[in-house]
Amino acid sequence: MPDSQKIYLKDYTPPAYLVDTVHLTFKLSPNATRVNSKIRFRPNPDSDSRDFFVHGEHLTLIRAAIDGQECSPVVTDKGLTAQAPDAPFTWEAEVEINPQDNTALEGLYMSNGMYCTQCEAEGFRRITYYPDRPDVMATFTVRIEGDLPVLLSNGNPTASGDGWAEWHDPWPKPSYLFALVAGDLRNHPDSFTTKSGRKVDLNIWVRPDDIDKCAFGMEALKKSMKWDEDVYGREYDLDLFNIVAVDDFNMGAMENKGLNIFNSSCVLASPETATDANFERIEAIIAHEYFHNWTGNRITCRDWFQLCLKEGLTVYRDSQFTSDVRSRAVKRISDVDGLRAVQFREDNGPLAHPVRPDSFVEINNFYTATVYEKGAEVVGMLKRLVGDDAYAQALDLYFERHDGQAVTIEDWLKVFEDTTGRDLGQFMRWYSQAGTPRLTVTDDFKDSTYTLNFKQYTPPTPGQDVKQPQVIPIAVGLLTPNGDEVQETVVLEMTKPEQSFEFKGLSSRPVPSILREFSAPVILEQDTDNETRAFLMAHDTDPFNRRESGNALARDVLRRMITDGAAPDPMYLEAKAKILTDEALDPAFRALVMSLPTQEELAQMLFDTGHTPDPEAIFNATQTLAQASAERLKQDLPRIYAAHQVKGPYSPDAGPAGHRVLANSALWLLSRLDGCKQAQAQYDAADNMTQQISALGCLQYFDHGADATQAFYDQWRHDRLVIDKWFAMQVSNTRPDQTVATAQALTEHADFDMKNPNRFRAVFGALAWHHAGFHQADGAGYRLLADWLIKLDPVNPQTTARMSTAFQSWRRYDEGRQALMRAELERIMSTPDLSGDTGEMVGRILE
Ligand code: ARG
Ligand code: ZN
């Protein structure tokens, strides 16, 4: 990618003109929507420039005027420039746009007959000419004219009639938070009374067929509103809060002011069609978007380099919410699993970038696990370092000081410095340095003093050869050899490349439990023997580390099976059985202990320890270990399965969901022993999607699934979200030699539609995440994915670019696979008219 296309953080300059008010009129028409804008500009006192430039892409300019005088601006494919006064003035423009042909799903587009917008990050410039940057905040008044029953925009409704509606949003906002929706929609209404006694109307708007799938989302919304009042003191600030479900959407959801727009998969749920995991995810995403009202909307980002300012903090807040309404330990363990699978992979490959990147070509390519999930980890570390009270005070100061502003990470850290008097200069490196720090630890015990010696090292990442030491909060506890805690959790603050910490007055050598709750996003390298791991698995008082010791043990067992052909280690099987059968433990926690490390995680671990990962060998080892577990547990499995069946009407709450996840992980193992008899019985009796899909998964995985797969389709062909699952499951549950052929066959199915991102991701996301299937030695997986990325790119560049990250770890593998992947990446790269999105991503992967 030529550097000339890159934008740099260091080049930030304030806008020449600011905007006070925006008036927009939309005359909707599928192929020829007219947008009239009337915008009050004024010179920015903080800028010396008086160059008037407004962004605009894919627009047909009909007319433009400044203070009522027609003008002839200079128009390019990026925007326009015009002669503007050095004084406040009114800009007026009329443009024509084509929502029907907008398959990129950015700006104003159509989905199943409904008009819908997605403006973050830079979609508003596809709607009209505007300074489309987040540091320009204005109040919006919108008139929509269109022959559709429901016409929505941000803020409060001010007037409406037959075929038109007017909206006014009193809160100044950047253009990326603008939204418009028009369609034949039904609403699920409710209301919420805020802590100061204001009544807020709430609606979830959906297509008529989906009206019975809104109740859960509405409860989640009310819970989120209450939680943000209780925990952060944040009250909602409009009379109305709307959520809309749309079928065609590039991401999960969007926090437009007062009008959140959701991928329908992230809001619609009923017991028959959504799994427990879907319910939990929907609850979290509703909370996330709602929480953005303060962390994102009232206080926004100065520029897109600061994306983590709103996303890292909001992900952190939604994870706190889930911990509070569900289980803290289970949430933490699943978050860390996700972080390691996705963010660590990113941080340790060609796409590594800082939580706050300092350059980009296409900002859409930076909605990453690093910005979001590592960004949230950084907020969590800050809270751990300053303590809960100081965190709460700093947040109060943040809301007070920056309300209504577009700010930076420096502003964010400053409120913590001002609250605590701490210097956070070194902490800032978590935002500016890419890569996952390696933390190694050794220990000594002498004269009643126990010493932990840490070293930190962060490997080079693209563009950053040398790393400085970071502040690492290391939560540590110490146990006696009989399992009592002699030192409860303390947070050690490591700031130097090497640092030791002493614990005095111990009568015998303790067993350390290090990095409790995963107190920092690092790779901990600890020379622990497997007896100690098994001991911690049984006795650690920190549930995160209890599971982590089990995982570390499993990784080691699998590594020896893969590289030395070792047999499954009985010690691991015993330790695991002990947890599985311990009825005193939370069922959801036991299910997490049952799960094996993912094959992707094993590949990375092998690579990090100097081996070339062989996907077939990894697949075979996990099969062998799972089979050995099943055999070790054959007495227990039927009993555990039966004991955790949930009676009565379905509830998605954490309690019953925990029983189901445990019973269903027992079912997976049991299916290895009973020819899927129990799975078939569960499939036949299932009255909710969790039970149905868990059973179907077993049947498919163990090759008994043909009839059920057909029956499932016949039952659900009318429900697109369930059919997405049907597509994905067939690919995920294949043997590796069938994965590519199955995905290929599914692209020929009448219901496959590459224009729908959910459907495309169902097939190709499942392919990319099937480690051994995707990495088939003959390269068929690489070829199939590249073929479809090339087809999708002209239709939807953003989704193509995102899916191309399936190739990011290509350098981990053997020469044969590397050559095959490189060839596919180069084939994509040489496609004529490749989008900038995909070009940047594939270019970085190849670099
Ligand atoms: N801000 C949205 C969220 O809640 C995501 C928007 C993503 N948009 C994009 N163009 N990548 O996280
Ligand atoms: Zn977000």
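Each value, and the rule that gives it
Residues numbered from 1 in each chain as written. Chains lettered and ligands numbered in written order. Predicted model: local features only at pLDDT ≥ 70, side-chain atom pairs only at ≥ 80, totals over all residues. Helix = DSSP H or I, 4+ residues; strand = E, 2+ residues; numbered from the N terminus. Rg over C-alpha atoms; globule rule 2.2 N^0.38 Å. Buried ≥ 20, exposed ≤ 12 C-beta atoms within 10 Å, placed from the backbone. Axes fitted to C-alpha atoms, helices over the stretch in contact; angles between N-to-C directions. Parallel < 35°, antiparallel > 145°, perpendicular 65-115°, else oblique. Left-handed = near helix turned anticlockwise from the far one by under 90°. Contact = placed C-beta atoms within 7 Å. Pairing = 2+ DSSP bridges. UniProt positions renumbered as here; feature names shortened; annotations may be inferred. Near = placed C-beta within 6 Å. Nonpolar A, V, L, I, M, F, W, Y, C, P; charged D, E, K, R; others polar. Expected span 1.5 Å × (residues − 1). Core = buried A, V, L, I, M, F, W, Y, C linked by C-beta atoms within 7 Å.

Novice: Sorry, what's going on with the overall build of the protein chain here?
Specialist: Helix and strand counts for the protein chain stand at 27 helices and 31 strands. Taking 847 residues into account, the globule formula puts the C-alpha radius of gyration at 29 Å, and the protein chain, at 27 Å, falls close to it. Across its three principal axes, the protein chain shows a C-alpha extent of roughly 85 × 65 × 60 Å. Sorting the 847 residues of the protein chain into buried and exposed places 51% on the buried side.

Novice: Can you help me understand the packing of helix α26 (residues 815-829) against helix α27 (residues 836-846) in this one?
Specialist: How two helices pack is summed up by the angle between their axes together with the distance between the axes. α27 packs onto α26 with a crossing angle of 150° between their chain directions and a minimal axis gap of 10 Å. On the basis of their axis angle, the class for α26 and α27 is roughly antiparallel. Relative to α27, α26 is oriented so that their crossing is left-handed. Contacts from Leu825, Ile828 and Met829 of α26 reach α27 at Thr838, Val842, Gly843, Ile845 and Leu846.

Novice: Even after reading the chapter, I still don't get the sheet that holds strand β4 (residues 52-55), so can you show me in this structure?
Specialist: Within a beta sheet, neighbouring strands are joined by backbone hydrogen bonds and run either parallel or antiparallel to one another. In spatial order, the strands read β4-β8-β7; together these three strands make up an open sheet with antiparallel pairing. Of all the strands in the sheet, the pair left with one neighbour each is β4 and β7 (74-75). With two bridges joining them, β7 and strand β8 (residues 79-82) adopt antiparallel strand pairing. When the bridges of β8 are listed, Val75 appears paired with Leu80.

Novice: In this structure, what is going on with the UniProt feature "domain: Peptidase M1 alanyl aminopeptidase Ig-like fold" (unreviewed entry) in the protein chain? I would like to understand it.
Specialist: Annotation from UniProt places "domain: Peptidase M1 alanyl aminopeptidase Ig-like fold" (unreviewed entry) at residues 435-527. The span residues 435-527 is 0% helical and 54% strand by assignment, and the distance between its end C-alpha atoms comes to 22 Å.

Novice: Got a minute to help me understand the sheet that holds strand β11 (residues 114-118) in this structure?
Specialist: Judged by pairing direction, the sheet is antiparallel, and its four strands sit side by side in the order β10-β11-β16-β13 without closing on themselves. Every other strand in the sheet has two partners, leaving β10 (107-111) and β13 (150-153) as the edge strands with one partner each. Along the sheet, successive strands turn relative to each other by an average axial angle of 20°, direction set aside. Pairing between β11 and strand β16 (residues 180-183): two bridges, direction antiparallel. By the bridge assignment for β16, Cys116 is matched with Val181.

Novice: What's the story with the pairing of strand β27 (residues 472-479) in this structure? I'm lost.
Specialist: Burial analysis of β27 places seven of its eight residues in the buried class, the great majority of the element. Where β27 meets strand β28 (residues 485-494), seven bridges bridge the pair, whose relative direction is antiparallel. Each residue of the ladder has a partner; that of Ile472, found in β28, is Met494. Taken together, β27 and the strand that follows it, β28, pair antiparallel across an intervening segment of five residues, in which Gly483 is found at a positive phi of about 95°.

Novice: Sorry if this is basic, but what is going on with the environment of Phe727 here?
Specialist: Its location among the elements puts Phe727 in helix α20 (residues 720-732). Overall, Phe727 belongs to the buried group, with 26 C-beta atoms counted inside 10 Å. Considering only alpha carbons, one finds Phe727 and Phe249, 478 residues apart in sequence, at a separation of 18 Å.

Novice: Looking at this structure, I do not really get unusual backbone geometry. What am I missing?
Specialist: Trans is the prevailing form of peptide bonds, just as negative phi is the prevailing case for residues other than glycine. Residue Ala121 follows Glu120 across a cis peptide bond; omega there is 0°. The phi angle at Cys676 is positive, at roughly 65°, despite the residue not being glycine.

Novice: What is the right way to look at the site of ligand 1 in this model?
Specialist: Around ligand 1, a shell composed of Glu120, Ala121, Met251, Ala253, Met254, Glu255, His288, Glu289, Glu311, Asn364 and Tyr367 is seen. In the shell around ligand 1, the residues fall into five nonpolar, two polar and four charged.

Novice: So what exactly am I meant to see when it comes to the environment of Val378 here?
Specialist: By the secondary structure assignment, Val378 is in helix α5 (residues 369-386). Counting along the chain gives 127 residues from Val378 to Gly505, while the straight-line C-alpha distance between them is 34 Å. Apart from the residues within four sequence positions on either side, Val378 is in contact with Gly312, Val355, Trp430 and Tyr431.

Novice: In this structure, what is going on with the packing of helix α11 (residues 570-580) against helix α14 (residues 615-632)? I would like to understand it.
Specialist: Interhelical geometry of α11 versus α14 gives an angle of 55° and a closest axis separation of 10 Å. Judged by the angle between their axes, α11 and α14 are oblique. For the crossing formed where α11 meets α14, the hand is right-handed. Here Leu573, Lys576 and Ala577 of α11 lie close against α14, whose contacting residues are Ala628, Ser629 and Arg632. Of the residues that constitute the contact of α11 with α14, the class distribution is three nonpolar, one polar and two charged.

Novice: In this structure, what is going on with helix α3 (residues 307-325)? I would like to understand it.
Specialist: For α3, which comprises 19 residues, the first-to-last C-alpha distance of 27 Å matches the rise-based estimate of 27 Å (1.5 Å per residue) to within 8%. In terms of residue burial, α3 counts as a mostly covered element, since 16 of its 19 residues are buried.

Novice: Where do I start with helix α1 (residues 215-232) in this structure?
Specialist: Residues spaced three or four apart along an α-helix face the same direction, because each turn holds 3.6 residues. With 18 residues, α1 extends 25 Å from end C-alpha to end C-alpha; this agrees with the ideal 26 Å at 1.5 Å per step. For α1, the full list of buried residues reads Phe216, Gly217, Ala220, Leu221, Ser224, Met225, Trp227 and Asp228. Where α1 ends, the next residue or the one after it, Gly233, has phi of about 65°, a positive value.

Novice: Sorry if this is basic, but what is going on with the nonpolar core here?
Specialist: Generally speaking, nonpolar side chains in soluble globular proteins are found buried as a group. Leu180, Val181, Val244, Ile261, Val763 and Leu785 are the most contacted members of the largest nonpolar core, which has 213 residues in total. When residues in this core are grouped by element, the largest group, ten residues, is from helix α16 (residues 654-671). Not counting chain neighbours up to four residues away, the residues in contact with Val181 comprise Met114, Tyr115, Cys116, Leu152, Val244, Leu259 and Ile261. Of all hydrophobic cores here, the second largest spans 21 residues; its members include Ala534, Tyr572, Met605 and Phe619.

Novice: Could you clarify how one ought to interpret the pairing of strand β12 (residues 138-145) in this entry?
Specialist: Across a regular strand the side chains alternate sides, sitting on one face of the sheet and then on the other. For strand β2 (residues 17-27) and β12, the ladder comprises seven bridges, and the chain directions are parallel. Bridging across to β12, Thr25 finds its partner in Arg143. One ladder, built from seven bridges, connects β12 with strand β15 (residues 164-173); its direction is antiparallel. Residue pairing for β15: Glu145 is matched across the bridge by Trp164.

Novice: Help me understand the environment of Thr598, please; the structure alone is not making it clear to me.
Specialist: Locating Thr598 in the fold gives a position in the loop between α12 (587-594) and α13 (599-608). By C-beta crowding, Thr598 is classed as partly exposed, having 16 other C-beta atoms within 10 Å. Considered as a pair, Thr598 and Val95 are 503 residues apart in the sequence and their alpha carbons are 51 Å apart.

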